[in-house]
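The primary structure of each chain is shown beneath.
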Amino acid sequence: MHDFRKLDVWEKSMQLATNIYDLTSEYPDTEKYGLISQMRRSSISIPSNIAEGAGRSHNKEFAQFLSISMGSAFELETQLLLSIRLNLVKKENVKHILDELESVCKMLNVLKQRFTKIQSPKI
């Protein structure tokens, strides 16, 4: 087991989720059950899966949950890009969030690689 609270990627993804809540609070009420709900769930899924995976017994399981977090991050990116296309936000107003998201994805990838490295058996 790993202490997820000590992982920089968990802390960074918690801040990202907070920023998504702040951003979507400015969306129109007509998106309450659409993009607002989807974006909040995607953003929450990132740190939640990191935490759940950290509680697993095997590194391979942890790596699987990191993959799920990565999928949620890509889902969130898509929703942010759609928000721009729908003129719900301006690109310059979400650039910092997209940058944060890219950073989280890179961190997830590095951490996942660390836990999926196949060690050759000693002969």
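A brief structural summary. What you are looking at is a predicted structure, and each value in this text was computed from that prediction instead of being measured.

### Here's the deal with the overall build of the chain
- When its secondary structure is counted, the chain shows four helices and zero strands.
- Going from N to C terminus, the chain has its helices and strands arranged as α-α-α-α.
- Principal axes of the C-alpha set define a box for the chain whose edges measure 60 × 20 × 20 Å.
- When each of the 123 residues of the chain is scored for burial, the buried share is 41%.
- Residue pairs in contact within the chain that sit at least 24 positions apart in sequence constitute 72% of those at least 6 positions apart.
- Accessible surface for the chain amounts to roughly 7,900 Å². Of this, 52% is attributable to carbon and sulfur atoms.
- Of note, the chain has its 17 positive side-chain charges centred 8 Å away from the centre of its 15 negative side-chain charges.

### Comments concerning the nonpolar core
- The biggest cluster of nonpolar side chains holds 33 residues, and the ones touching the most others in it are Ile46 and Leu80.
- Among the elements of the structure, helix H1 (8-24), helix H2 (35-54), helix H3 (59-85) and helix H4 (91-116) are those that each provide at least two residues to this core.
- If near-sequence neighbours (up to four positions away) are discounted, Leu80 is found in contact with Ile20, Leu23, Met39, Val94, Ile97, Leu98 and Leu101.

### Some words on unusual backbone geometry
- With a phi close to 60 degrees, Asn87 is a non-glycine residue in the positive phi region.
- Looking at where Asn87 falls in the secondary structure, it is placed in the loop between H3 and H4.

### A closer look at the pattern of salt bridges
- Summed over the entire model, instances satisfying the criterion amount to five salt bridges.
- The salt bridge involving Glu52 is made with Arg56; its shortest N-O contact spans 3.0 Å.
- Judged by relative accessible area, which is 29%, Arg56 ranks as partly exposed.
- Measuring nitrogen to oxygen at the nearest pair gives 3.8 Å for the salt bridge that ties Arg56 to Glu61.
- Here the residues in one salt-bridge network are Glu52, Arg56 and Glu61, joined through shared partners.

### Let's talk about the environment of Lys91
- Inspection of the secondary structure assignment puts Lys91 in helix H4.
- Taking the relative accessible area as the measure of exposure, Lys91 reaches 56% and is therefore exposed.

### Concerning the packing of H2 against H3
- Where H2 meets H3, the closest approach of the two axes is 8 Å, and the angle between their N-to-C directions is 160 degrees. Judged on the interaxial angle alone, H3 and H2 are roughly antiparallel. Viewed along their axes, H2 and H3 form a crossing whose handedness is left-handed.
- Its residues placed into classes, the contact of H2 with H3 shows 13 nonpolar, 10 polar and two charged.

### Quick word on H2
- Along its 20 residues, H2 runs 29 Å from first to last C-alpha, staying within 8% of the 28 Å computed at 1.5 Å per residue.
- Along H2, the sharpest change in direction is near 30 degrees and occurs at Ser45; proline Pro47 comes one to four residues later.

The rules behind the values
- Residues numbered from 1 in each chain as written.
- Predicted model: local features only at pLDDT ≥ 70, side-chain atom pairs only at ≥ 80, totals over all residues.
- Heavy atoms only, no water.
- Helix = DSSP H or I, 4+ residues; strand = E, 2+ residues; numbered from the N terminus.
- Buried < 20%, exposed > 50% of the residue type's maximum accessible area, 1.4 Å probe, protein only.
- Contact = heavy atoms within 4.5 Å.
- Areas by Shrake-Rupley, 256 points an atom, 1.4 Å probe, with all protein chains shown as cover.
- Lys, Arg positive; Asp, Glu negative; His and termini not counted.
- Charge placed at Lys NZ, Arg CZ, Asp CG, Glu CD.
- Core = buried A, V, L, I, M, F, W, Y, C linked by side-chain atoms within 4.5 Å.
- Salt bridge = Lys/Arg side-chain N within 4 Å of Asp/Glu carboxyl O.
- Axes fitted to C-alpha atoms, helices over the stretch in contact; angles between N-to-C directions.
- Parallel < 35°, antiparallel > 145°, perpendicular 65-115°, else oblique.
- Left-handed = near helix turned anticlockwise from the far one by under 90°.
- Nonpolar A, V, L, I, M, F, W, Y, C, P; charged D, E, K, R; others polar.
- Expected span 1.5 Å × (residues − 1).
- Bend = angle between axes of the 7 residues up to and from the residue.

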